[in-house]
Amino acid sequence: MISELFTVTVLIGILSSGIRLATPYLYAAIGETFSQRSGVLNLGVEGQMLLGAFAAFYVAMNTGSLWLGVLAAMIVGVAMGLAMAFATVNLHAEQGISGIGFYLFGLGMSDLLFQKMMGTVRTVDGFQKIAIPFLSKIPGIGEIFFNHNILVYGSYFLVLLAWFVLNKTTLGLKIRAVGENPDAADSLGVSVARVRYFAIIFGGMMSGLAGASLSIALLNVFQQNMTSGLGFIAVALVYFGAWRPGGVLVGALLFSMVNSLQLWIQVLGISIPSELAVMMPYVLTILVLIATVSKVIAPTALTKPFEREE
Amino acid sequence: MRSRLSALFDALLPVIATLAALAVGAVMLLFLKVNPVEAYAALWDGAFGSTNAFAETLVKATPLLLVALGICISFRGDVINIGGEGQMIIGGLLATWVGLTFTNAPGWLVITSAMIAGFLGGAIWGGIPGYLKAYFNVNEILSTVMMNAIAVQIMNFMLRGPMIDPVQAQKASKIPQTARLIESFRLARLMPPTRLHFGLIIAVALAVLVYILLWRTTLGYRIRAVGLNPSASKYAGIKVQRYIVMALLLSGAFAGLAGAVQVYGVNYRMITDGSASGFTSNSGFNGIVAALFGQLHPLWSILASVLFGALLVGANQMQRVVQAPSALITALNGLVVVFVVSSEFLRRRRQRQRLAQANKENPPPADAPDRPMEAKS
């Protein structure tokens, strides 16, 4: 039975869905990377994703426009990010705990809206696959990398963009400075509050988009609590990736590949307990955190509110 | 006089935060075309309207209080435990195993052992992230979240396989649940026919014990010292790492006990719908809300747990009477958390202002520290 896993078709299937399944992790974790690089731990990602997923689905279903759905998810994410920024930057709320508050809010609110506005689980025709000319014709490689929907491509582009912005632009320098040494950044005339607002709001927007990628591009349904912990894993991936977009990409792929393998094991009916398979990525994350965390250094000001010395 | 008014205002901040959350909830209800007055009346009625309603409120408050007690310990040690869900599951599983294995033993012995098993199960599930934080610097927020997910899968595996009810194992549908505990193994009912059970007494007694632990024992003192200032504690000779582990371990233990109490007092078996909340009804998270609301004080947490138990039980009535989904209460709980932690800032700022005022009127000696220890008691 195990040998069935190693046929070419199945391997291509596993890799291809692994690439696809990394999408929500990438959006959410790259957004979180910005937020944490500026010194703010946003633990409400899961709640932002749920509301984003609902907004995208509801708008797409009623207007027939998937792009309006994406826009709605991003707006919802921005609103949640704004609230989070106000609580953590202006009111110095404990970041971890207020994040749990925003998570519970998103969890309850998306459920409430779902029950009141939809009532039953429905489906939409999500984003269709776009085969990239020529490249998608390459045997194997084409199917794995170049035959996905637009939001999947977008998430990988976002990784590149994030790397560029964080490392090669003034904005990125400001974000990193504010996360490492807010006092120094402040004395150089950088507005710590403004930079953190930007980073948290961008993070919220990306979490909303991550939710949209689930509800109108990958699964094409909305259900209560459909993210089931995915947002928390995205936060873990930022630590895993040592606050670097490239590291986050590796972590997200590792996670999604193991997930995809696990799905195929169930599809092929191989007799490994499925619970064990589902558990693997979490155990793996803890092990990787143990192995790496003591060697990399988190942004110094992470979770510390900034207050100008009088 | 003014300082007494200030103190009153500080003490009432969580209440103000809750009222604010309820006000936001009222606006949301208006958007849903539900009359907020009717909705909140139904909520009150569902929580306190009859003996049975109040009993249900207390039944709901029991696991919240137990989780909250653990949270009081860990947050005071500056360790954030959001693994209550997983710790409840592991505690529940171990306790259930005891009750299903030693069927010939006397009831009191099995119940006591099961409670201890639940306590230990939670301690293990909280102790692992504690150990990883203390000795490998692994962020406990992340590891406890991961441990939650792992616990859910262990539960699903156990209830579908090794621990499945023999009756279900014969059937084609195979509902993933254990056999029921025999009658002599169940926690006593306090007010039949209501479901109010002995677990409440356990939880309240433990609240007093945790209060004593935190403020009257060396262990509690050291956990709090490490939470307030780890480097000073280290210089004072406290083994900081050991107390980080202890804080998370104890915190997990209380959540584990909550799981055991839920099985022996309410459900009499474990059943899974595949998710954590199917067993815990989110008590692992709501317990955090209750503890914060009780200002991380075990005795205030008793009142806070009853309040949130009432909100959760009342929410069901609200759903029945005015068709406002009970998920509203989950959303409002989230808002309460955000408001409470945000209002902390106001409290601290007022504290500083008072101090500055006092210093101006009565200048401290030059060698005095410019800030007193944060008053957390």
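Parameters at a glance
Residues numbered from 1 in each chain as written. Chains lettered and ligands numbered in written order. Predicted model: local features only at pLDDT ≥ 70, side-chain atom pairs only at ≥ 80, totals over all residues. Helix = DSSP H or I, 4+ residues; strand = E, 2+ residues; numbered from the N terminus. Rg over C-alpha atoms; globule rule 2.2 N^0.38 Å. Buried ≥ 20, exposed ≤ 12 C-beta atoms within 10 Å, placed from the backbone. Contact = placed C-beta atoms within 7 Å. pLDDT = per-residue confidence, 0-100. Axes fitted to C-alpha atoms, helices over the stretch in contact; angles between N-to-C directions. Parallel < 35°, antiparallel > 145°, perpendicular 65-115°, else oblique. Left-handed = near helix turned anticlockwise from the far one by under 90°. Expected span 1.5 Å × (residues − 1). Nonpolar A, V, L, I, M, F, W, Y, C, P; charged D, E, K, R; others polar.

Topic: the overall build of chain B
Regarding its fold elements, chain B presents 15 helices and zero strands. On C-alpha atoms alone, chain B measures out to a radius of gyration of 22 Å, which is about the 21 Å that the 2.2 N^0.38 rule sets for 377 residues. For chain B, the C-alpha atoms occupy an extent of roughly 80 × 55 × 35 Å along the three principal directions. When the 377 residues of chain B are sorted by exposure, 53% land in the buried category. Once local pairs closer than 6 in sequence are excluded, the contacts in chain B between residues at least 24 apart make up 79%.

Some thoughts on the overall build of chain A
Summing up its helical and strand segments, chain A has twelve helices and two strands in all. For chain A, the succession of helices and strands along the chain, N to C, is α-α-α-α-β-α-β-α-α-α-α-α-α-α. Computed over the C-alpha atoms, the radius of gyration of chain A is 20 Å, within 12% of the 19 Å expected from 2.2 N^0.38 for a compact globule of 310 residues. Projected onto its principal axes, the C-alpha coordinates of chain A cover approximately 70 × 45 × 40 Å. Burial status across chain A gives 52% buried among its 310 residues. Considering only residue pairs separated by 6 or more positions, chain A has 78% of its internal contacts joining residues 24 or more positions apart.

With respect to the environment of B:L43
Residue and element names in this part refer to chain B. Tracing the chain through its elements places L43 in helix α2 (residues 36-48). Accessibility expressed as a C-beta count within 10 Å gives 29 for L43, which makes it buried. Each C-alpha atom, one on L43 and one on V322, is 9.8 Å from the other, the two residues being 279 residues apart in sequence. Residue contacts for L43: discarding those within four places in its chain leaves G314, A315, Q317 and M318.

A word on the confidence of the model for chain B
All names here are of chain B. Scored by pLDDT, chain B comes out at a mean of 88, with 95% of its residues at no less than 70. Low confidence marks residues 368-377, where pLDDT is under 50. Its contacts with residues over four positions away, or in another chain, come to three contacts. In the predicted complex, the global pTM is 0.86; the interface-specific ipTM is 0.86.

Details of the packing of helix α2 (residues 45-63) of chain A against helix α10 (residues 230-240) of chain A
Residue and element names in this part refer to chain A. Contact geometry of α2 with α10 gives a least axis separation of 7 Å together with a crossing angle of 130°. Taken together, the axis directions place α2 and α10 in an arrangement best described as oblique. By crossing handedness, the relation of α2 to α10 is classed as right-handed. Residue-level inspection shows V45, E46 and M49 of α2 in contact with α10, the latter providing L230, G231, F232, A234 and V235.

With respect to helix α6 (residues 140-160) of chain B
Since the α-helix advances by 3.6 residues per turn, residues separated by three or four positions end up pointing in the same direction. Between its first and last C-alpha atoms α6(B) spans 30 Å; for 21 residues at 1.5 Å apiece the expected length is 30 Å, and the two agree. Of all 21 residues in α6(B), 19 are buried; the element is thus mostly enclosed.

A closer look at the interface of chain B and chain A
Every contact between the two is made by 36 residues of chain B and, on the other side, 40 residues of chain A. Elements with a contribution of two residues or more to the side of chain B that touches chain A: α5 (107-136), α6, α13 (283-293) and α15 (327-361) of chain B. Counting residues per element, the side of chain B that touches chain A draws most heavily on α15(B), at 13 residues. Here the residues of the side of chain B that touches chain A are counted per class, giving 26 nonpolar, ten polar and no charged.

Observations regarding the packing of helix α6 (residues 150-168) of chain A against helix α11 (residues 245-267) of chain A
Residues and elements named next belong to chain A. Running from N to C, α6 and α11 point in directions that differ by 155°, and their axes come no closer than 9 Å. By the angle between their axes, α6 is roughly antiparallel relative to α11. Two secondary-structure elements touch here, α6 through V159, A162, W163 and L166 and α11 through P245, G246 and L249. Grouping the constituent residues of the contact of α6 with α11 by class yields six nonpolar, one polar and no charged.

Topic: unusual backbone geometry
B:P192 connects to B:P193 through a cis peptide bond whose omega is 10°. Relative to the helices and strands, B:P193 is located in the loop between α7 (166-170) and α8 (199-216). A positive phi angle is found at A:W243, which is not glycine, with a value near 65°. Looking at the element boundaries, A:W243 is found in the loop between α10 and α11. Under the C-beta neighbour-count criterion, A:W243 is labelled buried, with 22 such atoms within 10 Å. Not every positive phi belongs to a glycine, and B:N282 is a case in point at roughly 65°.

Let's talk about the environment of B:A21
All names here are of chain B. As for its placement among the helices and strands, A21 is situated in helix α1 (residues 2-31). Residue classification places A21 among the buried residues on the basis of 24 C-beta atoms within 10 Å. Counting along the chain gives 109 residues from A21 to G130, while the straight-line C-alpha distance between them is 33 Å. Apart from the residues lying within four places of it in its own chain, the contact partners of A21 are L332, L335, V336 and F339.

As for α2(A)
Residues and elements named next belong to chain A. Given a rise of 1.5 Å per residue, 19 residues ought to cover 27 Å, and the 26 Å separating the end C-alpha atoms of α2 matches this to within 8%. In terms of burial, α2 is a largely internal element, 16 of the 19 residues being buried. Where α2 terminates, the next one or two residues include G64, which has phi positive at roughly 75°.

Overview of the environment of A:A177
Residues and elements named next belong to chain A. Inspection of the secondary structure puts A177 in helix α7 (residues 170-180). Look at A177 and you get buried, because 21 C-beta atoms sit within 10 Å. Once the C-alpha coordinates of A177 and V8 are considered, the two residues, 169 residues apart in sequence, prove to be 48 Å apart. Sequence-distant contacts of A177, defined by excluding residues within four places in its chain, comprise A184, A185 and V190.

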